[in-house]
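# Examining the three-dimensional arrangement
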Amino acid sequence: MFYRLINLLLLVAVWNGVAAQSIRWSAVAPGVWKGVVGRPEAYDLLKASGATPAPALKTMSEQPFPFSEDEVSGTVTDGKTNLRFPLEKDEQLFGFGLNFQTVHQRGKILQLHMDHYGGKDNGRTHAPVPFYVSSKGYGVFVNAARYINVYAGTGVRKDSKYPPVEKDRNTDKSWSSRPYSDAVELLVPAPGTEVYVFAGPTALDAVRRYNLFNGGGVLPPRWGLGFTQRVRSLFKADEVKQEADSFSVKGYPLDFIGLEPGWQSRSYPGTFEWDKSRYPDPAAFVKEMLNKQIRLNLWINPYVSKSAPFYKAITPYTGSHTVWTGEVPDFTIPKARDIFFGQLKKDQVDIGVSGYKIDEVDGYDYYLWPDVATFPSGLSGEQMRQTYGVLAMKNSIDLFKNKNQRTYGLVRASNAGANSYPYVLYNDYYNHEDFITALINSGYIGVLWTPEVRASKTAEEWLRRFQTVVFSPMAMINAWSSGTKPWSYPEVAAQVKELSLLRMRMMPYWYSEFAKYHFEGTPVFRGMSLEPGYQVNSSSAVKNNLEDNPYLEAVTREVKDQYMGGEYLLVAPLFAGQTSRKVVLPKGRWYDFYTGAFAGDGEVITVTPGLDKIPVYVKDGGVIPMMPPLLHAPRAGEKVDLEIRVYGEKAGSYRLYDDDGETFDYEKGNYDWRSIRIEKDASGKLKGSIEPPHKKAVQSYGKITWKFMTEK
Ligand code: GAL
């Protein structure tokens, strides 16, 4: 077989006097290869997450191994593993964790290290996922729960196949301090590792294979795609009820409320039990909220206070160091999991709590356990740090699965293998532009990110932020400190209301797109480079030195402020202070989402949308299924009408997903895909048709109307 040949060839590669040890490759799924270098550690990212491939991976096409075999190497030196993958001249790289400031990663040096984001793309981030995808249409994943050094096209070996040309700085203005490099190199601080290669043919195919390999993407409950408000930290039960009521009285949608640290009797470290002065009767409170169709999400960080009811029981299974004096459960030990999550079950989930916000699992060196910490399972501080968020998420899932109820929550740390976990990343940073770049980057690495809204200096900023959070995986105001409400800025309260209702109206579209993420691995929110026909505006590129140094190309040509939302939408936000912006439309005709008017064809347009609108464009033939602007997501079994919007002039199609929206019955096949077809009749007029539901038990849609947005 081809892979065996690669194996043999790698065995004979010799570099710099050090024999390159072989990477032992084997095909593990169509277009997915596993390579083994040295002796991989017993604990890695896939072991931590327990991810297993989604069925659809098997249905993907067979593809050739994407590299020339003699250009990939893995060696073990000094107890560490060096990996080297080739880079071509005009190749661009994406991924390498949740970066906030650039989408293009070629030329970067990073250490992928779990941390809160400190304002610099240096690898310390909430999801330091060791996966990258290339514009050439392949992906690489290093399965190591370690701090991994990445040289993404920076190092130059003297035996490089395509070395940089030597230049004389005295006379040559094109001399560069960052010479051309023809490889990605990674240093894994362990005497061996697994590494996976994902074929394309397109970069999106490689991302899909990576997501499917890791279990597929998240399928949230329908209510998870509604609106969520996090209330002030020390709110009492009555204040929470009043807050929920004010949403319905004012006509703003609301599906779940987040309670921040004050629901617990102590926090930082926590007790994981209700504070009885603020919540005297938690069961009655949760029930009353559920009757209002409002679910509850509870903030926790997993560090255990001496006052926690299970403190004594869990302490044999905690690490050597504390976090804010709280003990750190070793979630790889079944006993620790049972004690910790048993408390959440008994005290909260059993009375109807719908989810959690798992905070502070990313860390900060000055309060998290240090790398010298030890854990009773034998894992090191470093391994635990890289995977703690993943372990916390993984072990929370059964709380809900056992009740056959889906959850959708928040987490501040994730990593590879958690692709299907129903959690969205967030942080304390608040730069709006960078939040959007993070949203784009999340789509390359199999995680979800919310550009949460907290407060703003001006009504303009509030509205601009709001416009982006409704085009994201979680539409949320996090008012834990500010106490803001959607209507807090009266000048824009009406626009904010319209946007939140738009979010509700688009639920059939977002829900179907998340189903595609789950079943097919296609990220809902993703960068333009994954879109066919997308080209950067070459006129804005710096020509100088591009041949020699693609790093320069990366930083001058990247577009990091527009993204795709689902199959058909292109979202191009504006930020406070802007009145107009450029939008790069990929090849093909594009139409205004709000009016259906033609917007452009494979060109760069400049738009001045006014403060009320976030520019959104629909591809020709695009179909957007919408529902009425309800204040809560439809319940299981509840039928809503469907308005199918059709954009552009050509025939099109859509696959509408449906299931009960709340349970795991879809895992037993209780779901439906209905095919929507837009065809031209004899007179050239567009006509739409939709398949009837295939299953009696799965029918969320009632009356269907068509709206041809472009044809007048
Ligand atoms: C922070 C978190 C915030 C909020 C706060 C409450 O760590 O990022 O979103 O939950 O804690 O104390």
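Basis of the calculations
Residues numbered from 1 in each chain as written. Predicted model: local features only at pLDDT ≥ 70, side-chain atom pairs only at ≥ 80, totals over all residues. Heavy atoms only, no water. UniProt positions renumbered as here; feature names shortened; annotations may be inferred. Helix = DSSP H or I, 4+ residues; strand = E, 2+ residues; numbered from the N terminus. Rg over C-alpha atoms; globule rule 2.2 N^0.38 Å. Buried < 20%, exposed > 50% of the residue type's maximum accessible area, 1.4 Å probe, protein only. Contact = heavy atoms within 4.5 Å. Areas by Shrake-Rupley, 256 points an atom, 1.4 Å probe, with all protein chains shown as cover. Lys, Arg positive; Asp, Glu negative; His and termini not counted. Charge placed at Lys NZ, Arg CZ, Asp CG, Glu CD. Near = heavy atom within 4 Å. Polar contact = N/O pair within 3.5 Å; in protein donor to acceptor, adjacent residues only side chain to side chain. Nonpolar A, V, L, I, M, F, W, Y, C, P; charged D, E, K, R; others polar. Pairing = 2+ DSSP bridges. Axes fitted to C-alpha atoms, helices over the stretch in contact; angles between N-to-C directions. Core = buried A, V, L, I, M, F, W, Y, C linked by side-chain atoms within 4.5 Å. Domains from an automatic or database assignment. Salt bridge = Lys/Arg side-chain N within 4 Å of Asp/Glu carboxyl O. Buried area = accessible area lost by both parts, 1.4 Å probe. Phe/Tyr/Trp six-rings, centres within 6.5 Å; stacked < 30°, edge-to-face > 60°. Parallel < 35°, antiparallel > 145°, perpendicular 65-115°, else oblique.

Identification of the protein as DUF5110 domain-containing protein from Niabella pedocola is taken from an unreviewed UniProt entry. UniProt lists a comment for the protein under the heading Sequence similarities (unreviewed entry), and it reads "Belongs to the glycosyl hydrolase 31 family."

Counting its secondary structure elements, the protein contains 13 helices and 37 strands. Relative to a compact globule of 712 residues, whose C-alpha radius of gyration would be 27 Å, the protein shows 25 Å and is just as compact. Considering only C-alpha atoms, the protein reaches an extent of 75 × 75 × 50 Å along its principal axes. Looking at the 712 residues of the protein, the share that counts as buried comes to 61%. Sequence separation of at least 24 residues holds for 73% of the intrachain contacts in the protein that already meet a minimum separation of 6. Accessible surface computed for the protein: about 26100 Å², of which carbon and sulfur atoms make up 51%. The distance from the centre of the 84 positive side-chain charges to the centre of the 79 negative ones in the protein is 2 Å.

A few words now on the site of the ligand. What surrounds the ligand is the set Glu260, Pro261, Tyr268, Trp299, Lys357, Asp359, Glu360, Arg412, Tyr426, Asp428, Asn478 and Trp480. One of the side-chain nitrogen or oxygen atoms of tyrosine 268 is found 2.8 Å away from an oxygen atom of the ligand. The separation between an oxygen atom of the ligand and a polar side-chain atom of arginine 412 is 2.9 Å. Residues of the shell around the ligand, tallied by class, amount to five nonpolar, one polar and six charged.

Another point: the sheet that holds strand 12 (residues 148-152). Sheet strands pair via backbone hydrogen bonds, and the direction of the pair is either parallel or antiparallel. Reading across from one edge, 5-6-13-12-8-9 is the order of the six strands in this open sheet, with mixed pairing throughout. Of all the strands in the sheet, just strand 5 (73-77) and strand 9 (124-125) have a single pairing partner and so form its edges. Docked against the sheet, helix 8 (residues 381-401) engages strand 8 (109-114) and strand 9, running at close to 75 degrees with respect to strand 8.

To continue, consider the nonpolar core. Note on soluble globular proteins: their nonpolar side chains tend to be buried together. Grouped together as the largest cluster of nonpolar side chains are 177 residues, with contacts concentrated most on Ile257, Leu259, Phe285, Phe340, Trp369, Phe471 and Leu569. Residue contributions to this core peak at nine residues, all from helix 8. Counting contributing residues per domain, this core is built from domain 1 (222-493) and domain 2 (623-708), each supplying no fewer than three. Core analysis: the next-biggest nonpolar cluster, separate from the first, contains 29 residues, Phe96, Val188, Val195 and Val197 among them.

Let us look at the sheet that holds strand 34 (residues 652-658). The strand order across the open sheet built from three strands is 34-35-36, with neighbouring strands paired in antiparallel fashion. Of all strands in the sheet, those bounded by a partner on one side alone are strand 34 and strand 36 (686-690). Each adjacent strand pair in this sheet contributes to an overall mean axis angle of 20 degrees, direction not counted. Across seven bridges, the pairing between strand 34 and strand 35 (residues 672-680) is antiparallel. Across the sheet, the residue bridging to tyrosine 657 is tryptophan 673, located in strand 35.

This next bit is on the pattern of salt bridges. Counting across every chain of the model gives 46 salt bridges. For arginine 230, the salt bridge goes to glutamate 260, with nearest N and O atoms at 2.4 Å. Of this pair, arginine 230 sits in strand 15 (residues 227-230) while glutamate 260 sits in the loop between strand 16 (256-259) and helix 5 (282-291); the two residues are 30 residues apart in sequence, bridging distant segments of the chain. When salt bridges with common partners are traced through the structure, they connect Asp359, Glu360, Asp362, Arg412 and Asp428 into a single cluster.

Let's shift gears to the domain arrangement of the protein. The parts lose accessible area when they come together, and the size of an interface is often stated as this lost area. Split by domain assignment, the protein resolves into domain 1 (222-493) and domain 2 (623-708). Centre-to-centre, using C-alpha coordinates, domain 1 lies 32 Å away from domain 2. Contact residues are listed per partner, giving 17 residues for domain 1 and 19 residues for domain 2. Counting the surface lost from both domain 1 and domain 2, the interface buries some 1600 Å², and carbon and sulfur atoms represent 45% of this. Remark: the boundary between domain 1 and domain 2 carries five salt bridges. On the surface where domain 1 and domain 2 come into contact, there are 14 residue pairs in polar contact (both at pLDDT 80 or more).

Attention now moves to the packing of aromatic side chains. Under the criterion given, the structure shown has 68 aromatic pairs. Between the aromatic rings of phenylalanine 519 and tyrosine 671, the centroid separation amounts to 4.8 Å while the plane-to-plane angle is 40 degrees, which identifies the pairing as tilted. With phenylalanine 519 in helix 12 (residues 507-520) and tyrosine 671 in the loop between strand 34 and strand 35, this residue pair connects regions lying 152 residues apart in the sequence. Seen from their ring centres, phenylalanine 593 and tyrosine 647 are 6.1 Å apart, and the 20 degrees between their planes marks the pair as stacked.

This part takes up the packing of helix 3 (residues 203-213) against helix 12. Helix-helix packing: each pair is described by the crossing angle between the helix axes and the interaxial distance. It is at 8 Å that the axes of helix 3 and helix 12 come closest, and there the two elements cross at 75 degrees. Classified by the angle their axes make, helix 3 and helix 12 are roughly perpendicular. Together, Arg208, Asn211 and Leu212 of helix 3 and Tyr517, His518, Phe519 and Glu520 of helix 12 make up the contact between the two elements. Class assignment for the residues of the contact of helix 3 with helix 12 results in three nonpolar, two polar and two charged.

Attention now goes to unusual backbone geometry. If a residue is not glycine, its phi is most likely negative; likewise, a peptide bond is most likely trans. In this chain, glycine 200 is followed by proline 201 through a cis amide linkage whose omega measures 15 degrees. Secondary-structure assignment places proline 201 in the loop between strand 14 (192-199) and helix 3. Along the chain, tyrosine 268 connects to proline 269 via a cis peptide bond; the corresponding omega equals 5 degrees. Assignment of secondary structure puts proline 269 in the loop between strand 16 and helix 5. One non-glycine residue, glutamate 360, adopts positive backbone phi at about 60 degrees. Secondary-structure assignment places glutamate 360 in the loop between strand 20 (355-358) and helix 8. Here glutamate 360 falls in the buried class, since its relative accessible area comes to 6%.

Before going further, it helps to examine the UniProt feature "domain: Glycoside hydrolase family 31 N-terminal" (unreviewed entry) in the protein. In this structure's numbering, the residues bearing the UniProt feature "domain: Glycoside hydrolase family 31 N-terminal" (unreviewed entry) are residues 74-146. Taken end to end, residues 74-146 is 0% helix and 44% strand, and its first and last C-alpha atoms sit 17 Å apart.

Turning next to the side chain of histidine 113. Structurally, histidine 113 is set in strand 8. Here histidine 113 falls in the buried class, since its relative accessible area comes to 3%. What histidine 113 contacts, discounting residues up to four positions off in sequence, is Gly123, Arg124, Thr125, Pro128, Tyr147, Asp365, Arg385 and Gln386.

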